[in-house]
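Remarks on the overall topology
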Amino acid sequence: MNSVRIVGGEFRRRVLRFPDSEGLRPTPDRVRETLFNWLGQELDGWHCLDLFAGSGALGFEAASRGAARVLMIENSPRVLAALHENHELLHKPAAVEIRRGDALQCLASVHDTFDLIFLDPPYHKGWLPRLAPLLDKALKADGALYVEAEHEIESLAGWRTTRHGKAGGVHYHLLRRATD
């Protein structure tokens, strides 16, 4: 099993374990620290959607920092089982909901709006252009979008990059609604 640790909040230093799976790249500690510095350390009351939950690092980190709701979507049965085990390890935080499903179908059928959506899809599979048209209805007017990609992104549909970083081969971005 692979592992990653939660870097801040209530579950700080807790280790999450997850299996090898094609396309699964947990967001490194340093990148998560940067992201939560950009957002502010506390996410009290936020509603978050993690469409490619994978290791759970982003979703559990958001819950650790006070998010009121974190909906984690994962399609791989083995990875999903590890998410449930990590949920159990953290004493089943009520804010976390884990579902098996396809990211595109989930986003198309979601009736809620979120303050923050995490998009860290497998690379070179064309996920971002397919998801982009569905983002507007799923994010609150002042919501944010966090995207990891194999290349730099200046904009995505009606969203513009406000912060960007690079760690190894990973480009990470914080996007906000474009205001022209």
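Heads up: these notes are all about the structure in this document. (Residues numbered from 1 in each chain as written. Predicted model: local features only at pLDDT ≥ 70, side-chain atom pairs only at ≥ 80, totals over all residues. Heavy atoms only, no water.)

Regarding the pairing of strand S7 (residues 139-149)
What counts here: Only protein chains enter the calculation, and the probe is 1.4 Å; a residue is then buried if its accessible area is under 20% of its type maximum, exposed if over 50%, and partly exposed in between. Here a strand is any run of E in DSSP of at least two residues, a helix any run of H or I of at least four, and the numbering for each starts at the N terminus. Two strands are said to pair when DSSP picks up at least two bridges between them. Crossover handedness is defined here as right-handed if the route from the first strand over the helix to the second strand goes clockwise, with the strands pointing away from the viewer.
Most of S7 sits inside the fold, with eight of its eleven residues counted as buried. Of the strand pairs in this sheet, strand S6 (residues 114-119) and S7 are connected by five bridges, and their pairing is parallel. Across the sheet, the residue bridging to Ile117 is Leu145, located in S7. In this fold, the crossover linking S6 to S7 by way of helix H5 (residues 127-138) has right-handed handedness.

Comments concerning the sheet that holds strand S10 (residues 170-177)
We count it as follows: The contact definition used throughout considers only heavy atoms, calling two residues in contact when any of these lie within 4.5 Å. For helices, the fitted axis covers only the stretch in contact; all axes are lines through C-alpha atoms, and the angles between them, taken along N-to-C directions, range from 0 to 180 degrees.
Pairing is mixed in the open sheet, where eight strands are placed in the order S5-S4-S3-S6-S7-S10-S9-S8. Edge positions in the open sheet fall to strand S5 (96-100) and strand S8 (155-156), since each of these has one partner strand only. In the packing of helix H2 (residues 57-64) onto the sheet, contacts are made with strand S3 (47-50), strand S4 (69-74), S5, S6 and S7, and the angle to S4 comes to roughly 170°. Relative to S7, H5 is tilted by about 160°, and along the sheet it contacts S6, S7, S8, strand S9 (159-167) and S10.

As for the side chain of Arg32
Tracing the chain through its elements places Arg32 in helix H1 (residues 29-39). Ignoring anything within four residues of it in the chain, the contact list for Arg32 reads Val4, Arg5, Ile6, Val7, Thr27, Ala57, Leu58 and Glu61.

A closer look at the pattern of salt bridges
Put simply, the rule is: Whenever a carboxyl oxygen of Asp or Glu lies within 4 Å of a side-chain nitrogen of Lys or Arg, that contact is scored as a salt bridge.
If you walk through the whole model with that rule in mind, you get ten salt bridges. In this structure, Arg32 engages Asp29 in a salt bridge whose closest nitrogen and oxygen atoms are separated by 2.6 Å. Of this pair, Arg32 and Asp29 both sit in helix H1, three residues apart, roughly one helical turn. Residue classification places Arg32 among the buried positions, given a relative accessible area of 0%. Taking the relative accessible area as the measure of exposure, Asp29 reaches 22% and is therefore partly exposed. Here Asp136 makes a salt bridge to Arg177, at a shortest N to O gap of 2.2 Å.

Things to note about H5
Which entries qualify depends on this criterion: Here, expected helix span is obtained from the residue count minus one, scaled by 1.5 Å.
In this model, H5 (twelve residues) spans 16 Å end to end at C-alpha, consistent with the 16 Å of a helix rising 1.5 Å per residue. Here the buried face of H5 lies against helix H4 (103-109), S6, S7, S8 and S9.

Taken by themselves, the reported measurements are silent on function.
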